[in-house]
Amino acid sequence: MSRRSFIAGNWKMHGSAEHVEDFSRVLVDAAPSLNCDLAICVPFVYVERLARLLEGSEIAPGAQNLSHSVEHGAHTGEISGSMLADCGADYVIVGHSERREMHGETDEVVVAKAEAAVAAGLRPIVCIGESLDQREADKTEAVLKRQISALTSGCDRQTLERMVLAYEPIWAIGTGRSATPEQAQAVHEFVRTQFADWDATIADSLPILYGGSVKPDNASALFAGADVDGALVGGASLKSDSFVGIARAMG
Ligand code: PEP
């Protein structure tokens, strides 16, 4: 099956109203000449502004987190999936390693958040990946197997059908040290095989993005992998020219 290429930006806790305006203008102009789907995941407070600026374009607005709870209620400081959908979001990042590491998000929380996203009509971009210690101890496959099995055993079929997966080796995030194209393809193939053991149709259509120090100058080599369907881009998504440069590398 042919999967459409997809590039998503993760602004993390960066940006301003002015930055959202300037970035959107450039991206909306560039999008018709780009051969891939695009999404930008911004801090909560900018989602509505971004969605308004992207209206009428093919670029999807997104957020970076949501509450695991579908029911509204006593969850001070939390934002639900339906609130994000109200603001115009189409995507939400779930289980980024920074949230797993700094905010204690377990595999179970990641499953609950992915479910909550789909219940609200959003597509979750679910992040998985190993730490440097785990890679060096030859535990990459075991870690990914555990993270994937939590998803296939905990999520509804509909959630898995709507899911985008991002393989993000933690040692490559924000370090300038990307996985090599060979490392990325080998892991993506392994990930797809794990899903195929559970359901071949879902595995075949699952978009698997690579994330970790993707830049315009390493993107096309990474995208050459048959199982690399695009990228989740952190630092390089903050500048419109580098984000567009990465999208152009999709050919
Ligand atoms: C990320 O935060 O998801 C990421 C991949 O960051 P960077 O591109 O900066 O490594």
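Right above here is the structure, for reference.
Residues numbered from 1 in each chain as written. Predicted model: local features only at pLDDT ≥ 70, side-chain atom pairs only at ≥ 80, totals over all residues. Heavy atoms only, no water.

Chemist: In this structure, what is going on with the overall build of the protein chain? I would like to understand it.
Modeler: Within the protein chain one finds 12 helices and 8 strands. For a compact globule of 251 residues, the expected C-alpha radius of gyration is about 18 Å, and the protein chain comes in at 17 Å, within 12% of that figure. Projected onto its principal axes, the C-alpha positions of the protein chain cover 45 × 45 × 35 Å. Scored against the burial criterion, the 251 residues of the protein chain give a buried share of 53%. Taking the intrachain contacts of the protein chain between residues at least 6 apart in sequence as the baseline, contacts between residues at least 24 apart amount to 72%. Put simply, the protein chain shows about 11,100 Å² of open surface, and 49% of that area lies on carbon and sulfur atoms. Of the side chains in the protein chain, 21 bear a positive and 35 a negative charge, and the two mean positions are spaced by 2 Å. (Helix = DSSP H or I, 4+ residues; strand = E, 2+ residues; numbered from the N terminus. Rg over C-alpha atoms; globule rule 2.2 N^0.38 Å. Buried < 20%, exposed > 50% of the residue type's maximum accessible area, 1.4 Å probe, protein only. Contact = heavy atoms within 4.5 Å. Areas by Shrake-Rupley, 256 points an atom, 1.4 Å probe, with all protein chains shown as cover. Lys, Arg positive; Asp, Glu negative; His and termini not counted. Charge placed at Lys NZ, Arg CZ, Asp CG, Glu CD.)

Chemist: Please clarify how unusual backbone geometry should be interpreted in this entry.
Modeler: Most peptide bonds take the trans form, and the phi angle of most residues other than glycine is negative. The phi dihedral of lysine 12 is positive, around 50°, even though this residue is not glycine. Phi is positive for serine 213, which is not a glycine, with a value near 55°.

Chemist: What am I meant to see in the environment of threonine 201 here?
Modeler: Take threonine 201: it is sitting in helix α10 (residues 200-205). A C-alpha to C-alpha distance of 25 Å links threonine 201 and threonine 140, two positions 61 residues apart in sequence.

Chemist: Which parts of the structure should I look at to understand the site of the ligand?
Modeler: Close to the ligand lie 14 residues, the nearest being Lys12, Glu168, Gly174, Ser213 and Gly234. Contact distances for the ligand include 2.7 Å between an oxygen atom and a side-chain N or O atom of lysine 12. Glycine 234 is positioned with one of its backbone polar atoms (N or O) 2.8 Å from an oxygen atom of the ligand. For the ligand, the accessible surface in isolation is 290 Å², of which the surrounding protein chains cover 97%. (Near = heavy atom within 4 Å. Polar contact = N/O pair within 3.5 Å; in protein donor to acceptor, adjacent residues only side chain to side chain.)

Chemist: Would you take a moment to explain the sheet that holds strand β5 (residues 123-128) for this structure?
Modeler: Two modes of strand pairing occur in sheets, parallel and antiparallel, and in both the strands are linked by backbone hydrogen bonds. Read around the closed barrel, the 8 strands follow the order β1-β2-β3-β4-β5-β6-β7-β8; overall the barrel is parallel. Averaged over all neighbouring strand pairs, the angle between strand axes comes to 25°, with direction disregarded. Across 3 bridges, the pairing between strand β6 (residues 164-167) and strand β7 (residues 208-211) is parallel. Bridged to alanine 166 within β7 is leucine 209. (Pairing = 2+ DSSP bridges. Axes fitted to C-alpha atoms, helices over the stretch in contact; angles between N-to-C directions.)

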